[in-house]
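Next come the chains, spelled out residue by residue.
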Amino acid sequence: MDFYSAALLQGLGYAAMGLGIYISLRIFNIPDITTDGSFTLGGVITAVLITSGLANGLVFTVAVTGGALAGLATGLIHMRLKVNPLLAGILVMTALYSVNLSIMGRSNLPLMNTPTIFDSLAFTSDPLINKWIIFLAITLLICGMLTWLLKTDYGIVMRATGNNEQMVRAAGSNTGTMKLAGLALANALTAMSGYLLVQYQGFADINMGIGIVISGLAAVMIGEALGHLFKTHKILYHVLLVVGGCILFRLILAFTLSLGLNPNYLKLVTALIVLFVLMVTRFKTSVR
Amino acid sequence: MIELQSIHKSFHRGEAAEVRALNNINLQFKKGEFVIVLGANGSGKSTLLNVLSGTTLPDEGKITIDSTDITMLPEFRRSKWISRVFQNPLAGTVSELTILENFRLAAIRAHPKKLILGSTGRFRSLVRDKIAGLNLGLENKVEALMGTLSGGQRQALTLLMAVMDDAALLLLDEPAAALDPKTSVTIMQLAEKIIREHQLTAILVTHNLKDAAMYGSRIVLMSEGSITKDVLKNETSHPDAVSLFEWF
């Protein structure tokens, strides 16, 4: 049971990253894979600053800003230098590997006995329940804020940008600036996941971001498949379904591991799950 | 008043295949004028529309709106003055947003896009009333996705959206050309009604002679990048489709 409880908590931890992918891929229609790098960046900044004794609120701010800057870099390379967004993402992600390594100074940094957000925000004496409360509260807060943002006038322009750029320009908005803002937001959310998971697992690792973009993609796809089922276009539901997708994905992984699968095959299984979800959603859309 | 002074625009400049799309265009549009720009394919009428909207920047010349120089302003900055309806009936709206959200987008065209919830109950009933005037039965579907509507319905809504915010100039790029004959007539009549009711300065680009004869207060005929005729319509001069065909 602990095993599945951990998977659920991890799912909540990855929710911000899943929502980041939702923003870049679904709202802006940009396949952004800076994610692997910005997730690790958020984690690495968190580990280094927490062990140096900085206040957690400040750690959060720096980690999220780091992610936003990474997204901005990808956006600027894509727009100013006219590089394909996928390639721009790969470039930044690759560069971030060195950046992350030099920030951390080593490939792995344990948090040891330094207090994390789970220690400084103690709602109950039971550490596991406390983790649940914090993860749930943060996830709901992000979902609420994101839904609100996407429903504002600015958010409507964001959503229109991924769908009909010509119309957005004719309606008086700079689509370039919009896309930069979107990529910054997406990667800030991703870095936030890194911030949370490093504190949850108690260490940062230079390889913690490998393949993370795929799991985010899977979460968005699962969420969408469920959205088709419920036939809804309400933003709040979409956002919640992405979170549901993150949790479901972790549960599926936990389940396959519990069958006795060699952990070396974890990424292979991840890829196969994503492929399966892709096929199912393709099949569904072609039937419709 | 909108003024174009000595506008030149060439494509493939300096190459053998150079095309002089606009050759020394001088035009003035008075407030409230409904101008039909008529011309064959390749006459430069679309380029004229594009230099006005900012999709294309001219090589030479000056464009002013109420004496503000907009010649080099990017497209999204001119939208403050210019409202547009495209030829593609799907281009003027966003499929994945609801009808209401599309109207919200149009209602803030000339305004800053703020972090506020603008689709209030008051806004919703305003939109519903406007849509009800179309008699298409769409007023109860404001929460439906735009993508679920037909091209004709979307173009009708695009026309309404064009006047949701102040506009010094309305540009219509053959808004009915991609629609079936019946819908096409409905759309043109709606455009005419909206222009009249809002006393808009409007430019309609078309190669449809019937529309050119039927609508507008002035006809500008273009050929090979130049203006070959510029006629005010009134009781004494009201060219019909046949005489327009002879001008061509």
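For the structure itself, look to the data block above.
In short, a report on the structure.

Rules behind the numbers
- Residues numbered from 1 in each chain as written.
- Chains lettered and ligands numbered in written order.
- Predicted model: local features only at pLDDT ≥ 70, side-chain atom pairs only at ≥ 80, totals over all residues.
- Helix = DSSP H or I, 4+ residues; strand = E, 2+ residues; numbered from the N terminus.
- Rg over C-alpha atoms; globule rule 2.2 N^0.38 Å.
- Contact = placed C-beta atoms within 7 Å.
- Nonpolar A, V, L, I, M, F, W, Y, C, P; charged D, E, K, R; others polar.
- Pairing = 2+ DSSP bridges.
- Axes fitted to C-alpha atoms, helices over the stretch in contact; angles between N-to-C directions.

## What about the overall build of chain A?
Right, so step 1: Helices and strands together make up the secondary structure of chain A, namely 12 helices and 2 strands.
Right, so step 2: When the helices and strands of chain A are listed from N to C terminus, the series reads α-α-α-α-β-α-α-α-α-α-β-α-α-α.
Right, so step 3: Computed over the C-alpha atoms, the radius of gyration of chain A is 19 Å, within 12% of the 19 Å expected from 2.2 N^0.38 for a compact globule of 288 residues.
Right, so step 4: Referenced to the eigenvectors of the C-alpha coordinate spread, the extents of chain A come out at roughly 55 × 40 × 35 Å.

## A closer look at the overall build of chain B
Right, so step 1: Regarding its fold elements, chain B presents 8 helices and 10 strands.
Right, so step 2: For 248 residues, the compact-globule estimate of 2.2 N^0.38 gives 18 Å, and chain B sits close to it at 18 Å.
Right, so step 3: Projected onto its principal axes, the C-alpha positions of chain B cover 55 × 40 × 35 Å.
Right, so step 4: A separation of at least 24 residues holds for 68% of the contacts in chain B among residues at least 6 apart in sequence.

## Observations regarding the environment of S243(B)
Right, so step 1: Topologically, S243(B) is positioned in helix α8 (residues 241-247).
Right, so step 2: Spatially, the C-alpha atoms of S243(B) and A213(B) are 9.3 Å apart, while their sequence positions differ by 30 residues.

## Concerning the interface of chain A and chain B
Right, so step 1: Contacts between the two partners involve 19 residues from chain A and, on the opposite side, 26 residues from chain B.
Right, so step 2: Taken together, the elements giving at least two residues each to the side of chain A that touches chain B come down to α7 (153-161) and α8 (165-170) of chain A.
Right, so step 3: Here the side of chain A that touches chain B takes 6 residues from α7(A), the largest share from any one element.
Right, so step 4: For the side of chain A that touches chain B, the residue count by class is 7 nonpolar, 8 polar and 4 charged.

## Considering the environment of E75(B)
Right, so step 1: Turning to its location among the elements, E75(B) is positioned in helix α2 (residues 75-78).
Right, so step 2: Linking E75(B) and H238(B), residues 163 residues apart in sequence, is a C-alpha distance of 35 Å.
Right, so step 3: Apart from the residues lying within four places of it in its own chain, the contact partners of E75(B) are R169(A), S53(B), G54(B) and T55(B).

## A word on the sheet that holds strand β4 (residues 60-65) of chain B
Residue and element names in this part refer to chain B.
Right, so step 1: Within the open sheet, the 4 strands sit side by side as β2-β1-β4-β5. Their pairing is antiparallel. On the outer flanks of this sheet lie β2 (19-29) and β5 (68-69), each paired with one strand and no other.
Right, so step 2: Relative to β5, β4 is paired through 2 bridges, and the arrangement is antiparallel. By the bridge assignment for β5, T64 is matched with D69.
Right, so step 3: Helix α1 (residues 45-53) contacts β1 (2-11), β2 and β4 of the sheet and is inclined by roughly 65° relative to β2.

This is a description of form; function is not addressed.
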